[in-house]
Amino acid sequence: MSKTPRIAVIGAGLGGASAAALLLQDGFDVRVYEQAPSFARLGAGIHVGPNVMKIMRRIGIEDVMNAQGSHPECWYSRHWETGDVLARIPLGAHAVKEYGASYLTVHRGDFHALLMKALPSSAVAFGKFLTRIEDLGHVVRMEFADGSVEEADLVIGADGVNSRIREELLGHEPPKYAGYLAHRAVFPTPAVKAGMLPFDACVNGGAKTAT
Ligand SMILES: Cc1cc2nc3c(=O)[nH]c(=O)nc-3n(C[C@H](O)[C@H](O)[C@H](O)COP(=O)(O)OP(=O)(O)OC[C@H]3O[C@@H](n4cnc5c(N)ncnc54)[C@H](O)[C@@H]3O)c2cc1C
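Presented here is a report on the structure given in the accompanying data block. Just so you know, these numbers come straight off a predicted model, no measurement behind them.

**Re the overall build of the protein chain**
Inference 1: Looking only at helices and strands, one finds 7 helices and 12 strands in the protein chain.
Inference 2: Each principal axis of the C-alpha distribution contributes one length, and for the protein chain these read about 60 × 45 × 30 Å.
Inference 3: Within the protein chain, the fraction of its 211 residues that count as buried is 33%.
Inference 4: Restricting to contacts in the protein chain with at least 6 residues of sequence separation, those with at least 24 account for 64%.
Inference 5: Total accessible area computed for the protein chain in this model is approximately 13,100 Å², and 56% of it derives from carbon and sulfur atoms.

**Concerning the sheet that holds strand β4 (residues 74–78)**
Inference 1: Read across the sheet, 3 strands follow the order β5-β4-β12 without closing on themselves; strand pairing throughout is mixed. The sheet is open, and its two edges are formed by β5 (85–90) and β12 (203–205), each paired on a single side. Mean inter-strand twist for the sheet, computed between neighbouring axes without regard to direction, equals 15°.
Inference 2: Summarising the sheet, β4 and β12 pair through 3 bridges and their orientation is parallel. Directly across from R78, in β12, lies its bridge partner G205.

**Details of the site of the ligand**
Inference 1: With respect to spatial proximity, 24 residues lie near the ligand, and among them G15, E34, Q35, A44 and R108 are the closest.
Inference 2: Residue L14 places a main-chain N or O atom 3.3 Å away from an oxygen atom belonging to the ligand.
Inference 3: For the shell around the ligand, the secondary structure elements donating two or more residues are α1 (14–25) and β3 (45–48).
Inference 4: Two domains each donate at least three residues to the shell around the ligand, and these are domain 1 (1–38 + 126–172) and domain 2 (42–119 + 180–211).

**Things to note about the pattern of salt bridges**
Inference 1: Taken as a whole and judged by the stated rule, the model has 9 salt bridges.
Inference 2: Note that D153 and R6 form a salt bridge whose closest N and O atoms lie 3.4 Å from each other. Placement of the pair is D153 in the loop between β10 (149–152) and β11 (154–157) and R6 in strand β1 (residues 6–10), with a sequence separation of 147 residues.
Inference 3: Judged by its relative accessible area of 12%, D153 is buried.

Parameters and conventions
- Residues numbered from 1 in each chain as written.
- Predicted model: local features only at pLDDT ≥ 70, side-chain atom pairs only at ≥ 80, totals over all residues.
- Heavy atoms only, no water.
- Helix = DSSP H or I, 4+ residues; strand = E, 2+ residues; numbered from the N terminus.
- Buried < 20%, exposed > 50% of the residue type's maximum accessible area, 1.4 Å probe, protein only.
- Contact = heavy atoms within 4.5 Å.
- Areas by Shrake-Rupley, 256 points an atom, 1.4 Å probe, with all protein chains shown as cover.
- Pairing = 2+ DSSP bridges.
- Axes fitted to C-alpha atoms, helices over the stretch in contact; angles between N-to-C directions.
- Near = heavy atom within 4 Å.
- Polar contact = N/O pair within 3.5 Å; in protein donor to acceptor, adjacent residues only side chain to side chain.
- Domains from an automatic or database assignment.
- Salt bridge = Lys/Arg side-chain N within 4 Å of Asp/Glu carboxyl O.

What is shown is where atoms sit, not what they do.
As C-alpha cells, then:
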C-alpha cells in the first residue's frame, strides 16, 4: 500500500459524499465514482437528526443547513385512522440543549447539493457505473460500464439500496417486502405558509401492516 492510501468511494449519495468530504479533510487521496451523469434537485423531504448535524458541523455545512431547513418543535406520531396522538417527541430547542445540535427537516436535493459543494470537483468522476470489483490482495480492481478500469487501495461501497458492491461481496439478494407501506404527499410552500393546510409540522401516521 502506498504511503497515502488511495480510497475509492462508489456512489456520491448522502453517505458517499459525506465519507469522501471527511476523508479528504483528513488528508487521504480520495476519488468518488458516481454512476449518474450529473445531479439534479431530486427527492423531497428528509429528516436530519442531531447526530448527523454534528457530522455536518465537521464538514462545515451545519450553519447553512440550519438556515435552509425547518426546525419542528415536536415529532408527532398519530394513529393512521383516528388521528389520535400516540407519541410526542420534543425537538426544536430541546434537541439543541439535550443533544448538542439541531433536528432538521430539509429537501434532500438541497442537503445533497451542499455536500457535493464540500467536495472538490476533481475528486468526483460522474458517469461511472461500477459493474465489477475484485480484491487482488495488494490492490482493489474496479470495472465500470464505460469500459474503464481503476485501482485503489481501499474501496468504500456507498452505492445505495441496490448496491453492486454488496452483491459482489455477498451475492444477489433481492429486496424482501416487510409488509409496510408509506404514503407521501408534497404540498406547495405558499399553501402551507398561508395556513391553508393545518397540520403538525412533523407528523407520521402509525402504519398498518399488510396481512
Ligand atoms: C435521487 C434520490 C432521491 C432521494 N430522495 C429521498 C427523499 O426525498 N427523502 C428520503 O427520506 N430519502 C430519499 N432518498 C434516500 C436517501 O437519500 C437514502 O436512503 C440515504 O441517504 C442513504 O444514503 P446512501 O448514501 O446509502 O445512498 P444514496 O443516497 O441512495 O446514494 C447512492 C448513490 O450511489 C450511486 N450508485 C448506485 N449504484 C452505483 C454503481 N453501481 N456505481 C456507481 N454509483 C452508483 C447512486 O446514483 C447514488 O448517487 C433518495 C435517494 C436518492 C438516490
